[in-house]
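Summary of the model geometry
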Amino acid sequence: MGQARFLINGLRQGFAKVGATNTAINPLATAQVATQKRHQHSTATKSCAYDLVVVGGGIVGAASAREILLRHPSLKVAILEKESQLAKHQSGHNSGVIHAGIYYKPGTLKARLCVEGMHLAYAYLDEKKIPYKKTGKLIVATDKKEAKLLDDLHKRGIANKVPDLRMIEGCEIQEIEPYCQGLKALHSPHTGIVDWGLVTQYYGEDFKRGGGHIYLEYNVNKFSETKDDSEYPVTIHGVKPGQTVRTKNVLTCGGLQSDLLAEKTGCPRDPRIVPFRGEYLLLSKEKQHMVKGNIYPVPDPRFPFLGVHFTPRMDGSIWLGPNAVLALKREGYTWADINLFELFDALRYPGFVKMASKYVGFGLSEMSKSWFINLQVKALQKYIPDITEYDIQRGPAGVRAQAMDLQGNLVDDFVFDRGEGTGALAQRVLHCRNAPSPGATSSLAIAKMIADKIETEFCIGK
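Aromatic rings considered in pairs are described by the distance between their centres and by the relative angle of their planes. Applying the stated criterion across every chain yields a total of 9 aromatic pairs. Arranged with centres 6.4 Å apart and planes meeting at 35°, the rings of Phe276 and Phe352 form a pair that is tilted. With a gap of 76 residues between them, Phe276 in strand β13 (residues 272–283) and Phe352 in helix α9 (residues 350–358) connect regions that are remote in the sequence. Of the two residues, Phe276 and Phe352, neither departs from the other in class, the shared state being buried. Ring centres of Phe310 and Tyr383 lie 6.5 Å apart, and the angle between their planes is 80°; on these two criteria the pair is classed as edge-to-face. Placement of Phe310 in strand β15 (residues 309–312) and of Tyr383 in the loop between α11 (377–381) and β18 (392–404) is noted, with a sequence separation of 73 residues between them. On the basis of relative accessible area, Phe310 is assigned to the buried category, the value being 1%. In this structure, Lys137 packs its charged tip against the face of Tyr296, placed 3.8 Å from the ring centre. Geometry around Trp319 places Arg313 over its ring, the cationic atom sitting 3.7 Å from the centre.

This is how it looks when you write it as structure tokens:
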């Protein structure tokens, strides 16, 4: 992700991965949304039938639905999205970075999918002429301890086959980032930026051109076995009257709602989704020239997060951060967004209690940074000393769906789940409960993996 950070909350202090943020409005994205609304299908008058229905119109759901249709163009496939457009939440509220795959343990699925996904993403962006920038990235060490960790990270990146990754000394840093200081740094020239929300809209357009149907404002509240219909054994019900879709097979990619969707077909709630908000600051226009590309710190091995970083955006703005705090509702982008039921659900979860108690000090620090933004200046000055508290202001925020187990461990791998038993809801519904960061960069690679799994699980194309 991409950019994972940890945080806590005041009632149950803790800390967890985050890397989410708002995407700037793009006129091309607006046009794509308008097109989607024109093609929206009503389910209020009749029940439609499909070979496969994908629940969730984020980047992973849209990419997976697209990939299935590319492989099997004769299938009848639909996407159900509860919002008025695709990529409304995580996929449209991320930092917009195209990651190169440096951080992940060599040989892991995350490492492979990120590097593969980056190559696929650039090829797709070029094919569709979607605007992006290869800004590059520096991971900067500011002391000898960090320099040693940076050497280990360099070896990891090389093992992951990150293209053109190189170590540079302090004097070379300012050739790339004139205002940045450090002892040494890793330079990744193929790290880039893009509007991932816009990319998701393009996935949706590909899907529709292939014959797929997108249902917007279809909030799924129930799955049931279809009566007297063995061909389409699952019925998916929406909250609006008359919203029903029959299908042979179901894939859910629910993001912030993924555990709740799984529970609706008899799966356990664990791993639980605990929402964490990442809040960014904006650098003043007068100082934006000081940041050319992405500037990241060396990750602290004691904590599974990347730390405060500098992120250029497609609109020319520079985002600083993020911090990390418990969101007070699953789609809570500010402190004023509160859902008492969802908050209580998170606070009483044993996994969250264990995680929070472990990171009390760090969590309190993160909350303080949320309330008093000037507290983040010292971390920023470590890399660019000329930035002052007068150069920053509050910026966008986003919420990350963090999967967490009962022991308080953050789930850092893919989780697929199915209900128990021999009924249609167990046999015909597959839940993608966690697609770990960097999900956007890896989306086309993840889609290929999910399509493989769909073909195996549901015997499609056999």
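For the rest of this paragraph, the subject is the packing of helix α2 (residues 59–71) against helix α6 (residues 196–209). Contact geometry of α2 with α6 gives a least axis separation of 9 Å together with a crossing angle of 30°. Put simply, α2 runs roughly parallel to α6. The two elements α2 and α6 meet at a crossing, and its hand is left-handed. Along its contact with α2, which presents Ile59, Ala62, Ala63, Ala65, Arg66 and Leu69, the element α6 presents Trp196, Thr200, Tyr203, Asp206 and Phe207. Classifying every residue of the contact of α2 with α6 by side-chain character gives 8 nonpolar, 1 polar and 2 charged.

This part takes up the environment of Val53. Within the element layout of this structure, Val53 appears in strand β1 (residues 48–55). By relative accessible area, which is 0% here, Val53 ends up buried. When the C-alpha positions of Val53 and Thr252 are compared, they lie 8.2 Å apart, and in sequence the two are 199 residues distant.

Counted at 1.5 Å a residue, the expected span for α6 with its 14 residues is 20 Å, and the 20 Å between its end C-alpha atoms agrees. Within α6, 13 of the 14 residues are buried, leaving the element largely enclosed by the surrounding structure. Between the side-chain oxygen at the start of α6 and the backbone nitrogen of Gly197 there is a gap of 3.0 Å, and the oxygen is on Asp195.

Turning our attention to the pattern of salt bridges. Counted according to the given criterion, the structure contains 31 salt bridges. For Lys240, the salt bridge goes to Glu217, with nearest N and O atoms at 3.2 Å. Residue Lys240 is found in the loop between β11 (234–238) and β12 (244–252), and its partner Glu217 is found in the loop between β9 (213–215) and β10 (220–225); the two are separated by 23 residues along the sequence. In this structure Lys240 comes out as partly exposed when scored by relative accessible area, which is 39%. Put simply, Glu457 and Arg418 hold a salt bridge, and the shortest N to O gap is 2.1 Å. Here Glu457 is found in helix α13 (residues 443–458), whereas its partner Arg418 is found in the loop between β19 (415–417) and α12 (424–427), with 39 residues between them in sequence. Taking relative accessible area as the criterion, Glu457 reaches 26% and is therefore assigned partly exposed. When salt bridges that share partners are traced, they join Asp259, Glu263, Arg269, Arg272, Arg330 and Asp345 into one network.

Core analysis: the largest hydrophobic core is formed by 64 residues, its most contacted members being Ile139, Leu251 and Ile454. Element by element, the count of residues in this core is highest for α13, at 9 residues. Ignoring anything within four residues of it in the chain, the contact list for Leu251 reads Leu52, Val53, Val54, Val55, Ser64, Leu430, Cys432, Ile450 and Ile454. Formed by 22 residues, the second largest nonpolar core is a distinct cluster that contains Leu138, Val140, Leu281 and Val308.

For the rest of this paragraph, the subject is the pairing of strand β14 (residues 294–297). Side chains Asn294 and Tyr296 of β14 all project onto a buried face; the interleaved residues Ile295 and Pro297 project onto the opposite face, where all are buried too. Direction of pairing for strand β5 (residues 137–141) relative to β14: parallel, over a ladder of 4 bridges. Counted as the bridge partner of Ile139 is Tyr296 from β14.

Moving on, we get to unusual backbone geometry. For the peptide bond that leads from Asp270 to Pro271, omega is 0°, which places it in the cis range. The amide bond that connects Gly321 to the next residue, Pro322, takes the cis arrangement and shows omega of 5°. Within the fold, Pro322 resides in the loop between β16 (318–321) and β17 (325–326). Although it is not a glycine, Lys129 sits at a positive phi angle of roughly 60°. One can find Lys129 in the loop between α3 (109–128) and β4 (132–133). You can call Lys129 exposed: its relative accessible area is 70%. One non-glycine residue with positive phi stands out, namely Asp164, at about 60°. Within the element layout of this structure, Asp164 appears in the loop between α4 (144–159) and β6 (166–169).

Let us now look at the packing of α3 against α6. At a closest axis distance of 12 Å, the pairing of α3 and α6 adopts a crossing angle of 70°. With respect to each other, α3 and α6 are oriented roughly perpendicular. For the pair formed by α3 and α6, the contact residues are Ala121, Tyr124, Leu125 and Lys128 on the first element and Trp196, Val199, Tyr202, Tyr203, Asp206 and Arg209 on the second.

Structurally, the position occupied by Asp417 is in strand β19. Assessed through its relative accessible area of 17%, Asp417 is described here as buried. A distance of 2.8 Å separates polar atoms of two side chains, one belonging to Asp417 and the other to Arg433. Each residue touching Asp417, except ones within four places of it in the same chain, is listed here: Cys267, Pro268, Val429, Leu430, His431 and Arg433.

Criteria and cut-off values
- Residues numbered from 1 in each chain as written.
- Predicted model: local features only at pLDDT ≥ 70, side-chain atom pairs only at ≥ 80, totals over all residues.
- Heavy atoms only, no water.
- Phe/Tyr/Trp six-rings, centres within 6.5 Å; stacked < 30°, edge-to-face > 60°.
- Helix = DSSP H or I, 4+ residues; strand = E, 2+ residues; numbered from the N terminus.
- Buried < 20%, exposed > 50% of the residue type's maximum accessible area, 1.4 Å probe, protein only.
- Lys NZ or Arg CZ within 6 Å of the ring centre and 35° of its normal.
- Axes fitted to C-alpha atoms, helices over the stretch in contact; angles between N-to-C directions.
- Parallel < 35°, antiparallel > 145°, perpendicular 65-115°, else oblique.
- Left-handed = near helix turned anticlockwise from the far one by under 90°.
- Contact = heavy atoms within 4.5 Å.
- Nonpolar A, V, L, I, M, F, W, Y, C, P; charged D, E, K, R; others polar.
- Expected span 1.5 Å × (residues − 1).
- Polar contact = N/O pair within 3.5 Å; in protein donor to acceptor, adjacent residues only side chain to side chain.
- Salt bridge = Lys/Arg side-chain N within 4 Å of Asp/Glu carboxyl O.
- Core = buried A, V, L, I, M, F, W, Y, C linked by side-chain atoms within 4.5 Å.
- Pairing = 2+ DSSP bridges.

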